Each structure stands twice: as structure tokens, then as C-alpha cells.
Amino acid sequence: MAPAARTFSSEAGNSKLVITEVDDKTGYATVTLNRPPVNSLNLELLKAISQTLDDLQNNKSRGMILTSSSNTVFSAGLDIMEMYKPNQDRLRDFWSTLQDVWFKLYGSPFPTAAAINGHAPAGGCLLSLCCEYRVMCPNYTIGLNETQLGIVAPTWFQASLRNTISRRESELALTLGKMYTTDEALKVGMIDEVAESKEKALEQATNFLNRFRKISPMARAMTKQALRSKDIVELEDNRSQDIDLFVYAVNQPAVQKGLEVYLESLKKKAQK
Amino acid sequence: MAPAARTFSSEAGNSKLVITEVDDKTGYATVTLNRPPVNSLNLELLKAISQTLDDLQNNKSRGMILTSSSNTVFSAGLDIMEMYKPNQDRLRDFWSTLQDVWFKLYGSPFPTAAAINGHAPAGGCLLSLCCEYRVMCPNYTIGLNETQLGIVAPTWFQASLRNTISRRESELALTLGKMYTTDEALKVGMIDEVAESKEKALEQATNFLNRFRKISPMARAMTKQALRSKDIVELEDNRSQDIDLFVYAVNQPAVQKGLEVYLESLKKKAQK
Amino acid sequence: MAPAARTFSSEAGNSKLVITEVDDKTGYATVTLNRPPVNSLNLELLKAISQTLDDLQNNKSRGMILTSSSNTVFSAGLDIMEMYKPNQDRLRDFWSTLQDVWFKLYGSPFPTAAAINGHAPAGGCLLSLCCEYRVMCPNYTIGLNETQLGIVAPTWFQASLRNTISRRESELALTLGKMYTTDEALKVGMIDEVAESKEKALEQATNFLNRFRKISPMARAMTKQALRSKDIVELEDNRSQDIDLFVYAVNQPAVQKGLEVYLESLKKKAQK
């Protein structure tokens, strides 16, 4: 029996990039990232996620599950095309919008769970870490692998990881840029449960949200806010410097050269 | 063979609310909460605990074990009658005294252990978390379950929990308001040992205190102070705002209504 | 087959106190503490370590392994003779140099591992905790056992421990001044691996360093810096007060008396 559901899309004018379905019985929203093939986070997708989070908060959502329309990738992380030979204004807007998404997702008053039905490197991992619970399908990988790409996960990426796994494991994970298999991620606590399929993952994420059904949403939201506020205030106090730093780093000739080499290697792969 | 012991009570004029027995051989004080039926923490009990902690510190105590005279409840937490239709001056005094107890117990120079011989929800859990070691009897429950009651555990309650269990488990525990069984509490580290009986719990708590017998009390106290001082300074810097916030919250009509409903449900239960 | 290696010593004029061998293939430096019999950390040894760390950083080292020339002791910690009836200027220099070593080792841009081939109490434990990875031979002991000696591990010693093991275990470890066996240390995460022999320990430490071979050294260094910077800034902001506090404590008559008693007990042991 299919549950009663309303489907709507973000009002950001990017109607297909994020699909939101609200179950009328539970009030939970399933938010599906839908930018084929791998949900690369470009400015438009980030704007659509940001708008979706606003919509949910304005509608006093009872809970959200974040998942992907791809069969193999949850999200491949930041779209490299936003950083290669960038328009400077758009570059600033891009990073500022990522900050917005982090503020709204990591600090959301409603409960959040990720149904990770594919690989989740870098920015994809970050989105899942901002949620309060993670269910992941087998045989994928997840991690903040920025150093593997020659870049640095900002302190607020690090904060979300340290909110999830031990400080010791965080240091190894971040310096090594380690990608964890589903089983490894479960062992260190980067995910909470394994699910056989996307359907099962959505079901188990729903079970997590259900645990809050008898909890006062206000008391819950204030408790979460108290727990996560230090991380949030740290970025709020540092927002424009954080953008400056990102823009400065991206514009370094060595970084541009690195992106060029990487993009050419992707093209060659595609031609084979 | 019964150990030599001196018994005295708090000098706060509430002689029966807290019973303190000092073992003359070891110098350890067993402090028994004694406000039947469930050691609800009202102003008088909190004042008696606060005075007891002063007495122990002034007597350069070698160690303290906190336990309950009840067979089933360690402490039921804050007394709701202090918050329902409150006298405003008494309400401020009540919260300020709870802060005092937290400062003195969480920051005590002498070693502390809780022999948790019954359920320990909310404020009862908090008292045990302020100690340095927790031994608990089987088949009881423990937790900071404030959100289950529609309220919020203040940041200093949260700090004591985060000093004990992982940051990840703390977030789940606090947002869910989860009550852990003895076995669950052991697994996540909220307690250190299980004890078959109250007698065994006192014995095992004593064994913990004995581990400090050859340690310089001064070096020990300074080390503990260094570890816990950030939490303590945070409340010290914020003490009156914390009282204001509590008083404001309690006086909200919705909270008063909630308390009324809860108290009536208790009356009905009692009449059955 | 012996690996190609250059051997050099610190240029601090203490050529034998620290032996540095750089493997020309890997670029890794093996730094061997060499102040028999137990690598007590006196001013000269600390200066030699500090100079060695400068040399490695100036040579853009790809990695460092810290080990001991002794068969039974990694390092016995601070040399008590530096604190007994001290010259006041030398005492300040001694503590300031220990701070230098901590800044340079805990904050090193290059990856670091300790091959702990012997006991590692107090300051010996600290040096290993400053590294990013610890491999330890069986049947030794390790720990910040300052309270056992009647003294207090400074907050920056505590910070390095808390970067490694859980906050809960840190409190027990530090207040009890607990020495962990190799197996116990592995269990709580104070070390990462056990190695059968010193040779194996060096090999396993090398394997850890190898995990960074394909990682951008710059991205790695910035990531480590971001993770450890709060601890480092805290001591930087407090450096001279920390020296004052140490000097004050050492000059207390009770501390001097304690050192005297301890030194006489060592003499008697030696005479047996």
C-alpha cells in the first residue's frame, strides 16, 4: 500500500534538481538529490537544497530524509566546474550558498536522516554528516577525502565529522583523506546502520524519525541547538573570512593547474 | 565485621534529608539521599546536599559515595512542585541551589562515586554524572530524559554527560531523552560497573576510591580541576542568565499547563 | 638489504643525544633518543630534540619516526635533576624548551610516528602522544603518571592525551596517573598497534607514513594544523604564565623535599 504523499519541488526555479515528497501520514519529507549523473553540487543544486530546507522549516516539518536519485552515487561532492576558471562573483556565491546549506541542515530544528544509497565523497559525505542519523547501503564508500584531492576540508566540515566520530578517528580520516567502505564506516560510527537496499534505507531512516514522535518538537530543537551551537557560531563569526580564504585558494595557479589536469584525465576516461 | 563509622547529618536544619556516614578507617563518606519516597530534589534536599558537600570539603574528605535510601529510586530528579505555580523568589533560590550543588559536586576536590541503587532520571542522572565513577544495580534505568518531559537539559547538564560518554551518543541521548537500562548504560559508558546489590555497589564504589589512596590529594584535585574547569567556568560566567532563562521558561503558560496535566495524571495513578 | 641512509646528528652541539637517520629512498627520518641509560629529558636533550625538529621542517621532511636507543625505556620523562635545587634561569629555559618541543612535534607539518620500544612514563608518554601514530612493543608501560609522583600534568599534556583517547578515559588516566600495559594501551586507543620487536615497530611505523605518500604534503599539513590549532593557540596565549606556574611549583619546599626523598630512594636502590 503506497503511503499518501504530496510531491513538490524546490521553488528556486530548479524544479528537477531536488525532489521533495511529503508523507501526509507522518509529515516526513523525503528530499531526493536529482542532478544526474552524480549529484555534483553546483550553485544551482545548492540553491535548490537551501530553498528546500527553508520550505521545510517554514512548514514546521516533522522530519526529513535526504537521499539520491542515482543508483550508485549519493553525491559526488562539489562540482569542480564551479572552481575551474571561475567567474569570481559566482565563486563567492557558490561558497556562500554551501555555507547556507550547512547552517540550515546542521542546525535544522526538525530531525534529519540520510539514506545513503551510493558513494558519498567530500561534499557528499558532508551533507550526510549534517544529518542526525545515517543509514547506508552496502559496498559503497564515504569520507571527507579532500586531502586526496590536494585540498583542505574547512574547519566546519571537520566540525561535522567530529560531532559524529571520535576525535582520534577524525584526525586519521581527515589527514589521510580516507574513504571508508560501508562496513568500515559502521565500525567507526560514521554511519549508524546498514540497509540492504534504498527502500530498506528509507524505511530504517523513517524508523529513526519515528523515535521522536512523542517528543516535544520545541524541546528537541532547543536541545539540538544547544549541542551544535558552538560549531555554528564559529562559522557565523568567520563567514566572510571563510569565503575569502576559499576564493584565494581556488585562484592559486597551482590549484587551477591541478583542476585542469584532473578534468583532462576525466575526459580521457570518458573517451575510452 | 562492621566498619567503624561516624554518622552525622547535614547542618542545614534538614537533618533527615541527607544521611552522611564517615568510615573512620578509610575516611570515605557515604552520603545517602533520604527524602522518601523517591528523593525528589526540592529546595530543602538540594540545600542539604549543598551543605553536605561543603562539610566534606571543609573536612578534607578522602572520598564520597552518593547513594539512596530508597530500594527502587536513586533520585527521581527535580521536584515538580517547585516549578508548579511557584513563588518567584523561591524558584530563583531553587535553581541557584541546584547550580551550587553542580559546582560543588562536579568540581569537588575529593574523589566521588555514585552507587546507583535505583532509577535515575533527569536530575537524578545529573547527580550521578557529576561523580567520577558510577556503579549501578541491574534492571534500573538512567538518563537525561528532559525532552521526554517537554523540557530542555541546560548546557551544564549536557556538559556533565559529554564528560562521560561520546559526543555522538550524547546527541542521541539528549535529543531522544533516552532512558538507558543498566546494561545499555554500561555499554555506552554512562556507568562504569554493574553491581548485584546495593551492598556490592557500595563495595565496588569503595574499591574505586581506594585506587587513589597512594595519590597526592592535592595533585589529584588540581588535575581534576584542570580537566573540568572549562565546563565550570562556562556556567560561572553565565550564572544569572541561566537562572533568568529557567525562571522565564517555567513561567510560560504552556509549561504551567503541562505541569498541571502531568500532576493530575499522577493523582489519578495514585487513586487506582 | 640495508636501505640507503644518511645519518646526521643535531647541530645543537649535543651530537650524541639525538641520532637522526634519513632514508634516501623514502625521505623518512628515524630520530633516536640517545641519552643513556633511560633518555631522561634534561635541558640538553630537549634542545637537541628541538633542533632536530627544526632541521626536519627546514628540510621539508616527508615523515619522522621517534624511537629510543635503549632496550627497555623509550624515555623516562623529565630529568628530576633539572628540578632539584635548580638554577632559576636554567629552570625557566628547561620548561620553555619543553614547550618548544611540544609546539614543534605536536604541530609538525610532516607526519610523525612513535616506535615505542620501552617504557614511556610522563614526559616519555607525552612525546609519543605528540606523534600522529604509536606502535609499541609488548610488555612495557605507558601513561601520564604525574599524579603518582605528586605533580600535575599541565593542560597541554592533557590536550595531547585528549586528542588521542576518549575524554572519559583521559579523566581516569590523568587523575589516577595510570600506567597502561601495552595491551591496555591498545584497548583504550593510547597506542595504535603492537609490534613484536623494535625492528617490526620501525617497519609498522614506516607503513603508517607510507599511507601519506600520495597525499599533497601542503593539504595534509593544513588539515593537521586546523585539527590541532586550538590546543596550540591555548598554550601560545599562555606561555609565560605556564612557565611561571611551573617555576613556582618546583620551588615549593614540599616539592623540593619530595624530590629529595625520591632521589635518596633511587640512590639506595642503586647501592643494592
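Predicted, not measured: the structure shown is a model, and the values here were computed from it. (Residues numbered from 1 in each chain as written. Chains lettered and ligands numbered in written order. Predicted model: local features only at pLDDT ≥ 70, side-chain atom pairs only at ≥ 80, totals over all residues. Heavy atoms only, no water.)

**Considerations on the overall build of chain A**
Line of reasoning, step 1. Check the secondary structure of chain A and you find ten helices and ten strands.
Line of reasoning, step 2. Here the C-alpha radius of gyration of chain A, 18 Å, is about what a compact globule of 272 residues would show, namely 19 Å.
Line of reasoning, step 3. Per-residue burial for chain A yields a buried fraction of 54% across its 272 residues.
Line of reasoning, step 4. Excluding contacts between residues fewer than 6 apart, the proportion of contacts in chain A whose partners are at least 24 apart in sequence is 72%.
Line of reasoning, step 5. When the accessible surface of chain A is totalled, it reaches about 12000 Å², and 53% of it is carbon and sulfur.
Line of reasoning, step 6. Computed over 32 positive and 31 negative side-chain charges, the inter-centroid distance for chain A is 2 Å. (Helix = DSSP H or I, 4+ residues; strand = E, 2+ residues; numbered from the N terminus. Rg over C-alpha atoms; globule rule 2.2 N^0.38 Å. Buried < 20%, exposed > 50% of the residue type's maximum accessible area, 1.4 Å probe, protein only. Contact = heavy atoms within 4.5 Å. Areas by Shrake-Rupley, 256 points an atom, 1.4 Å probe, with all protein chains shown as cover. Lys, Arg positive; Asp, Glu negative; His and termini not counted. Charge placed at Lys NZ, Arg CZ, Asp CG, Glu CD.)

**Quick look at the sheet that holds strand β10 (residues 141-143) of chain B**
Residues and elements named next belong to chain B.
Line of reasoning, step 1. Read from one edge of the open sheet, three strands run β8-β10-β11, paired in mixed fashion. Edge strands, defined here as strands with exactly one partner in the open sheet, are β8 (120-121) and β11 (180-181).
Line of reasoning, step 2. When β10 meets β11, the two strands line up antiparallel, connected through two bridges. For T141, the partnering residue across the bridge sits in β11 and is T181. (Pairing = 2+ DSSP bridges.)

**Considerations on the relation of the copies chain A and chain C**
Line of reasoning, step 1. Superposing chain A onto chain C requires a rotation of 120 degrees together with a translation of 0.0 Å along the rotation axis, leaving an RMSD of 0.0 Å. A rotation of that kind, with that shift, is consistent with a three-fold axis. Across chain A, the rotation axis passes nearest the C-alpha of A:S166, at a separation of 4.3 Å.
Line of reasoning, step 2. Counting the interface residues of chain A, we find that no more than 6% of their copies in chain C are interface residues as well, pointing to two distinct contact surfaces. (Least-squares fit on C-alpha atoms with pLDDT ≥ 70 in both.)

**Re the relation of the copies chain A and chain B**
Line of reasoning, step 1. Superposition of chain A onto chain B requires a rotation of 120 degrees combined with a translation of 0.0 Å along the rotation axis, giving an RMSD of 0.0 Å.
Line of reasoning, step 2. Interface overlap between copies: only 4% of the residues of chain A at the interface are likewise at the interface in chain B, consistent with a contact formed by different surfaces.

**Regarding the interface of chain A and chain C**
Line of reasoning, step 1. Every contact between the two is made by 17 residues of chain A and, on the other side, 23 residues of chain C.
Line of reasoning, step 2. The junction of chain A with chain C conceals about 1800 Å² of combined surface from both sides, 54% of it contributed by carbon and sulfur atoms.
Line of reasoning, step 3. It is A:R167, A:R168 and A:E171 in chain A that bury the most area against chain C; as a group they hold 36% of the surface buried on that side.
Line of reasoning, step 4. Put simply, chain A and chain C have four salt bridges between them.
Line of reasoning, step 5. Our count for the chain A to chain C interface comes out at seven residue pairs in polar contact (both at pLDDT 80 or more).
Line of reasoning, step 6. Going through the elements one at a time, α4 (155-162) and α5 (167-176) of chain A are the ones with two or more residues in the side of chain A that touches chain C.
Line of reasoning, step 7. Tallying contributions element by element places α5(A) first for the side of chain A that touches chain C, with seven residues.
Line of reasoning, step 8. A class-by-class count of the residues in the side of chain A that touches chain C yields five nonpolar, six polar and six charged. (Buried area = accessible area lost by both parts, 1.4 Å probe. Salt bridge = Lys/Arg side-chain N within 4 Å of Asp/Glu carboxyl O. Polar contact = N/O pair within 3.5 Å; in protein donor to acceptor, adjacent residues only side chain to side chain. Nonpolar A, V, L, I, M, F, W, Y, C, P; charged D, E, K, R; others polar.)

**Quick look at the pairing of strand β4 (residues 63-68) of chain C**
Residue and element names in this part refer to chain C.
Line of reasoning, step 1. Burial analysis of β4 places six of its six residues in the buried class, which makes it a mostly covered element.
Line of reasoning, step 2. Every second residue of β4 is oriented toward a common face, with G63, I65 and T67 on one face and M64, L66 and S68 on the other, all of them buried.
Line of reasoning, step 3. The handedness of the strand β3 (residues 28-33) to β4 crossover, carried by helix α1 (residues 43-58), is right-handed.
Line of reasoning, step 4. Sheet analysis places β4 next to strand β5 (residues 112-116), joined by three bridges and oriented parallel. When the sheet's bridge partners are listed, L66 is paired in β5 with A114.
Line of reasoning, step 5. Handedness of the β4-helix α2 (residues 88-106)-β5 crossover: right-handed. (Right-handed = clockwise from strand over helix to strand, strands pointing away.)

**Some words on the pattern of salt bridges**
Should the charged atoms of two oppositely charged side chains come close, the side chains can pair.
Line of reasoning, step 1. What the rule picks out here adds up to 42 salt bridges over all chains.
Line of reasoning, step 2. Among the salt bridges present, the one from B:K104 reaches B:D54, with a minimum N-O distance of 3.1 Å. In this pair, B:K104 is assigned in helix α2 (residues 88-106) and B:D54 in helix α1 (residues 43-58), connecting sequence segments 50 residues apart.
Line of reasoning, step 3. Among the residues examined, B:K104 registers a relative accessible area of 22% and is labelled partly exposed.
Line of reasoning, step 4. Between B:D100 and B:R239 there is a salt bridge; the shortest N-O distance is 2.8 Å. Highlighted residues: B:D100 in helix α2 and B:R239 in helix α9 (residues 239-250), separated in sequence by 139 residues.
Line of reasoning, step 5. The exposure class of B:D100 is partly exposed, given its relative accessible area of 24%.
Line of reasoning, step 6. Assessed through its relative accessible area of 24%, B:R239 is described here as partly exposed.
Line of reasoning, step 7. Several salt bridges converge on common partners, so that one network encompasses A:E44, A:E82 and A:R90.

**What to know about the interface of chain A and chain B**
Line of reasoning, step 1. Counting residues at the interface gives 23 residues for chain A, matched by 17 residues for chain B.
Line of reasoning, step 2. Summed over both sides, the interface of chain A with chain B buries roughly 1800 Å², with 54% coming from carbon and sulfur.
Line of reasoning, step 3. It is A:I215, A:T223 and A:L227 in chain A that bury the most area against chain B; as a group they hold 31% of the surface buried on that side.
Line of reasoning, step 4. When the shortest N-O distance is used, the salt bridge between B:R167 and A:D231 registers 2.8 Å.
Line of reasoning, step 5. At the junction of chain A with chain B, the criterion picks out seven residue pairs in polar contact (both at pLDDT 80 or more).
Line of reasoning, step 6. Counting residues per element, the side of chain A that touches chain B draws most heavily on helix α8 (residues 217-236) of chain A, which supplies ten residues.
Line of reasoning, step 7. Partitioning the side of chain A that touches chain B into residue classes produces nine nonpolar, four polar and ten charged.

**Some words on the sheet that holds strand β6 (residues 120-121) of chain A**
All names here are of chain A.
Line of reasoning, step 1. One open sheet accounts for three strands, arranged β6-β8-β9; its pairing is mixed. A single partner strand is all that each edge strand has here, and the edge strands are β6 and β9 (180-181).
Line of reasoning, step 2. Here β6 runs beside strand β8 (residues 141-143); their pairing, made up of two bridges, is parallel. The residue bridging A120 from the neighbouring strand is I142, located in β8.

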